[in-house]
Amino acid sequence: MDTVQYLDDHGKPLRDIPLSNEALLIGYRALRRARHFDERALVLQRQGRLGVYPPFRGQEAAQVGVALCLKADHDWLLPSYRESAAALTFGMPISKLILSWRADPAGWGAPPNVNMVQFYIPIATQIPQAAGVAHAQRLLGKDAVAAVFIGDGGTSEGDFHEGLNFASVFNAPLLVVVQNNGWAISVPTQKQMKVQRIAQKAQGYGIPGITVDGNDLVAVWSVAREAVERARRGEGPTLIEALTYRVAPHTSSDDPSRYRTEEETERWLKRDPLLRMKNCLLHLGLWSEAQEALLTEELEAEFLSAVEEADRAPEPKPWEIVEQVYQEMQPDQQAAWNYLRGEA
Amino acid sequence: MIAERQTRVLNNVQAINEALDLALAQDPRVVVFGEDVGTMGGVFRASDGLQQKYGERRVFDTPLAESGIVGFGIGLAMAGLRPVAEIQFAGFLYPALDQILSHLGRMRHRTRGRFTIPMVIRAPYGGGVKTPEQHADSPEAILTHVPGVKVVIPSSPERTKGLLLAAIEDPDPVFFLEAIKLYRGVKGEVPEGYYTLPLGRARVVREGSAASLFCYGGMVEVCLKAAEVAAREGVELEVVDLETLIPLDTQTLLASVQKTGRAVVVYEAMRTGGFGAEIAARIAEEALDYLQAPIVRVAGWDAPYPPFSAVENHYRPDAKRVLEAVRKVLTH
Ligand SMILES: Cc1ncc(C[n+]2csc(CCOP(=O)(O)OP(=O)(O)O)c2C)c(N)n1
């Protein structure tokens with residue numbers, strides 16, 4: 001199976017780019033914004049101002065390229081914990097993401113105009129749900145699509161198979177994006193499965209499976225755009241395998257030196273999706289170091305004001321524990337609520 | 001209002017079929033799906049004729065995958081539909097427990113109400129009809145231990161119809177367990193047309209003063225039979241059909257204990273960790289002063305439910321065992 005690629009490892013276009021100059025600039029900005037969030041989130045985590053945080057460094061293009069094809073108030077995103085970059089690009093406010101990774105209930109719900117479900121922690125459970133969300137769009141007469149992300153390890157779970165099977169049988173407008181980042185915590189892909197390419201699994205469901213260079217934003221974006229268009233036309237789901245690498249540790253509490261070599265990480269750092277995209281822009285004469293510096297300043301200002309906003313959120317109250325369990329509070333929750341408010 | 005309606009005699013399956021039919025007719029968001037529910041109308045014929053009437057978009061067969069069915073339904077619900085899923089037998093809910101425990105009951109909470117799951121999961125449960133392995137399980141204790149769901153187990157056709165329609169209207173996920181033994185085993189007057197009965201209410205199905213029998217689903221019939229036998233000896237037993245396990249109508253339960261001072265809890269699931277233990281604990285916590293005897297449980301034995309007929313009658317509580325328990329609480 002071929003791997004779809006538009007940029008070489010240094011960012012030089014290998015063939016005609018199916019995106020406008022304006023789109024390329026939007027794409028690069030989205031990558032940088034995601035990277036900035038990731039770096040600053042890790043700092044906040046070290047300062048004790050976030051809980052455990054799963055970084056995505058190295059996987060920006062795989063997530064951003066897909067999210068750029070979706071409309072937040074129309075389409076749906078069901079991300080796993082690693083997809084802050086997708087969430088950000090899709091339209092989740094930074095302050096909400098910060099609150100979410102603080103495990104603050106105030107960060108748990110997306111704004112009404114953003115159809116993103118709170119990050120899924122159990123692996124692969126969102127796949128059958130995403131198939132349902134996607135099928136519902138057809139039943140409701142909408143041309144909206146659902147996109148769902150998981151990792152290579154997640155493809156071993158039963159729900160991955162049940163979800164893909166449902167999506168294909170019902171021709172649901174769904175994108176299943178597997179970020180094949182080489183590792184499921186400490187277990188390498190070769191110990192996870194015997195197939196070479198995760199995209200091959202699509203054959204088992206009679207749907208298209210595409211392997212794309214996940215560190216090439218142009219490639220991910222164009223592949224995802226095509227899959228979204230197919231889905232909108234009623235031609236069903238697509239499985240996209242994005243070949244990428246988790247340069248960062250699994251989470252802020254992981255020590256990757258126990259299971260992988262620095263050389264491996266170094267090799268992938270050279271294929272950094274941001275570097276490649278920047279080189280592409282420079283090559284096309286669309287970018288300068290001055291613009292780069294300006295963008296960094298802008299992103300930092302945006303991030304700082306989002307942190308301030310998150311910090312302004314009121315402390316969660318103990319009785320919120322039993323709120324939103326049912327639409328109407330039932331007697332047992334009411335009793336707990338009264339107790340937690342000191343009214344019992 | 002319901003009292004003024006015309007009624008007809010229906011069994012439980014017919015009552016369910018009528019409820020599904022009315023729900024599909026009334027609300028275009030309602031979709032009915034599961035294994036074999038379409039052309040075939042379900043293995044118990046609960047959805048008989050509905051696909052022909054409402055088409056394959058509203059009533060559809062799914063692949064054979066319970067986690068898929070529940071997960072798919074969660075997605076349909078989040079996107080604005082009113083899914084009514086059938087799991088062919090409650091003993092086959094287990095592959096879907098991940099979806100149930102991880103998301104079904106938590107989605108409202110974990111998204112702060114942004115996404116909710118107004119979904120009904122129907123499943124036949126319970127024994128007494130000579131079935132193979134896993135076809136007679138009563139997994140209600142597993143389901144009542146899931147935060148954020150409701151659990152309803154009706155015992156008569158009239159209640160079944162009204163409660164199922166209420167469950168479909170309910171904004172939260174509802175497990176609707178249907179005793180297989182009662183599908184065709186009970187008949188009753190069922191009001192015509194659309195009506196709902198409130199979830200979360202227990203009802204006294206027979207008044208008495210000597211002791212209270214707490215039961216639900218397939219055990220209501222058994223307890224009523226026991227009460228009849230006892231009455232011939234001059235012992236008036238009160239039979240309380242809990243009907244909704246979550247949320248539990250503790251008030252009706254306690255009122256009955258306060259009146260009789262004696263409690264027997266009857267359920268057909270394995271005794272240890274069963275929902276009857278919850279009933280007993282609530283009584284002990286809140287009505288101990290009224291008790292004149294220890295609470296006694298009559299339940300399945302701590303073993304898997306035995307398949308086929310040869311020994312299942314020894315597993316499933318019957319009137320004889322209920323009466324033995326009554327004797328115990330009366331002679332304490
Ligand atoms: C059902 C389930 N089992 C185990 C875990 C613990 N766990 C969290 S992440 C992870 C590895 C996931 O790897 P992969 O799917 O490749 O995604 P990645 O983290 O690489 O993005 C495991 C085992 C979990 N969250 N959910």
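If you're wondering where the values come from, they're calculated on a predicted model, not measured in any experiment.

**So, the overall build of chain B**
1) Next: The number of helices and strands found in chain B is 13 helices and 14 strands.
2) Next: Each principal axis of the C-alpha distribution contributes one length, and for chain B these read about 60 × 45 × 45 Å.
3) Next: Out of the 332 residues belonging to chain B, those deemed buried represent 63%.
4) Next: As presented, chain B carries roughly 12,300 Å² of accessible surface, and 51% of it is formed by carbon and sulfur atoms.
5) Next: Each charge class in chain B can be summarised by its mean position, and for the 36 positive and 40 negative side chains these summaries are 1 Å apart.

**Considerations on the site of the ligand**
Residue and element names in this part refer to chain A.
1) Next: Taken together, 15 residues form the shell around the ligand, and within it Tyr81, Arg82, Gly153, Gly154 and Trp183 come nearest.
2) Next: A distance of 3.0 Å separates an oxygen atom of the ligand from a polar side-chain atom of Asn181.
3) Next: At 3.4 Å from an oxygen atom of the ligand is found a side-chain nitrogen or oxygen belonging to His250.
4) Next: If the ligand stood free it would expose 580 Å²; the protein chains cover 71% of that surface.
5) Next: For the shell around the ligand, a count of residues per class yields seven nonpolar, five polar and three charged.

**Describing the environment of Ser222(A)**
Residue and element names in this part refer to chain A.
1) Next: If you trace the backbone, Ser222 turns up in helix 8 (residues 217-232).
2) Next: Linking Ser222 and Leu19, residues 203 residues apart in sequence, is a C-alpha distance of 7.9 Å.
3) Next: A polar contact is formed between the side chain of Ser222 and the backbone oxygen of Val218, at a distance of 2.9 Å.

**Structural notes on the environment of Thr155(A)**
1) Next: By secondary structure assignment, the location of Thr155(A) is in the loop between strand 3 (146-151) and helix 6 (158-169).
2) Next: Residues contacting Thr155(A), with those up to four places away along its chain left out, are Ile150(A), Phe160(A), His161(A), Val178(A), Met193(A), Ile198(A) and Lys201(A).

**Digging into the packing of aromatic side chains**
1) Next: Summed over the entire model, instances satisfying the criterion amount to 19 aromatic pairs over all chains.
2) Next: Here Phe166(A) and Phe170(A) contribute two aromatic rings whose centre-to-centre distance is 6.0 Å and whose plane-to-plane angle is 40°, an arrangement assigned as tilted.
3) Next: A residue is classified by how much of its surface remains accessible, and Phe170(A), at 12% relative accessible area, is buried.
4) Next: Residues Phe170(A) and Phe72(B) carry aromatic rings whose centres are separated by 4.9 Å and whose planes lie at 25° to one another, so their mutual orientation is stacked. Pair noted here: Phe170(A) is in the loop between helix 6 and strand 4 (174-180) and Phe72(B) is in helix 3 (residues 66-78), and the two residues belong to different chains.
5) Next: Take Phe72(B): its relative accessible area is 0%, and that puts it in the buried class.
6) Next: An aromatic cluster is built from Phe37(A), Tyr53(A), Trp101(A), Phe119(A) and Phe303(A), whose rings are joined through pairwise contacts.
7) Next: The ring of Trp319(A) carries Arg341(A) above its face, with NZ or CZ at 4.5 Å from the centroid.
8) Next: Lying across the ring of Tyr120(A), Arg110(B) places its NZ or CZ 4.9 Å from the centre.

**Digging into the sheet that holds strand 5 (residues 120-125) of chain B**
Strands belonging to one sheet form pairs held by backbone hydrogen bonds; the direction of such a pair is parallel or antiparallel.
Residues and elements named next belong to chain B.
1) Next: Within the open sheet, the seven strands sit side by side as 3-2-4-5-7-6-12. Their pairing is mixed. Every other strand in the sheet has two partners, leaving strand 3 (59-61) and strand 12 (244-246) as the edge strands with one partner each. On average, each strand axis in the sheet is inclined to that of its neighbour by 20°, with strand direction left out of account.
2) Next: As paired elements, strand 2 (residues 30-34) and strand 3 share three bridges and run parallel to each other.

**Description of the environment of Arg184(B)**
Residue and element names in this part refer to chain B.
1) Next: On the secondary structure map, Arg184 appears in the loop between helix 8 (180-183) and strand 8 (188-191).
2) Next: The residues touching Arg184, leaving out its near neighbours within four places in the chain, are Asn11, Val13, Phe44 and Arg45.
3) Next: From its side chain, Arg184 meets the backbone oxygen of Phe44 in a polar contact 3.0 Å long.

Criteria and cut-off values
- Residues numbered from 1 in each chain as written.
- Chains lettered and ligands numbered in written order.
- Predicted model: local features only at pLDDT ≥ 70, side-chain atom pairs only at ≥ 80, totals over all residues.
- Heavy atoms only, no water.
- Helix = DSSP H or I, 4+ residues; strand = E, 2+ residues; numbered from the N terminus.
- Buried < 20%, exposed > 50% of the residue type's maximum accessible area, 1.4 Å probe, protein only.
- Areas by Shrake-Rupley, 256 points an atom, 1.4 Å probe, with all protein chains shown as cover.
- Lys, Arg positive; Asp, Glu negative; His and termini not counted.
- Charge placed at Lys NZ, Arg CZ, Asp CG, Glu CD.
- Near = heavy atom within 4 Å.
- Polar contact = N/O pair within 3.5 Å; in protein donor to acceptor, adjacent residues only side chain to side chain.
- Nonpolar A, V, L, I, M, F, W, Y, C, P; charged D, E, K, R; others polar.
- Contact = heavy atoms within 4.5 Å.
- Phe/Tyr/Trp six-rings, centres within 6.5 Å; stacked < 30°, edge-to-face > 60°.
- Lys NZ or Arg CZ within 6 Å of the ring centre and 35° of its normal.
- Pairing = 2+ DSSP bridges.
- Axes fitted to C-alpha atoms, helices over the stretch in contact; angles between N-to-C directions.

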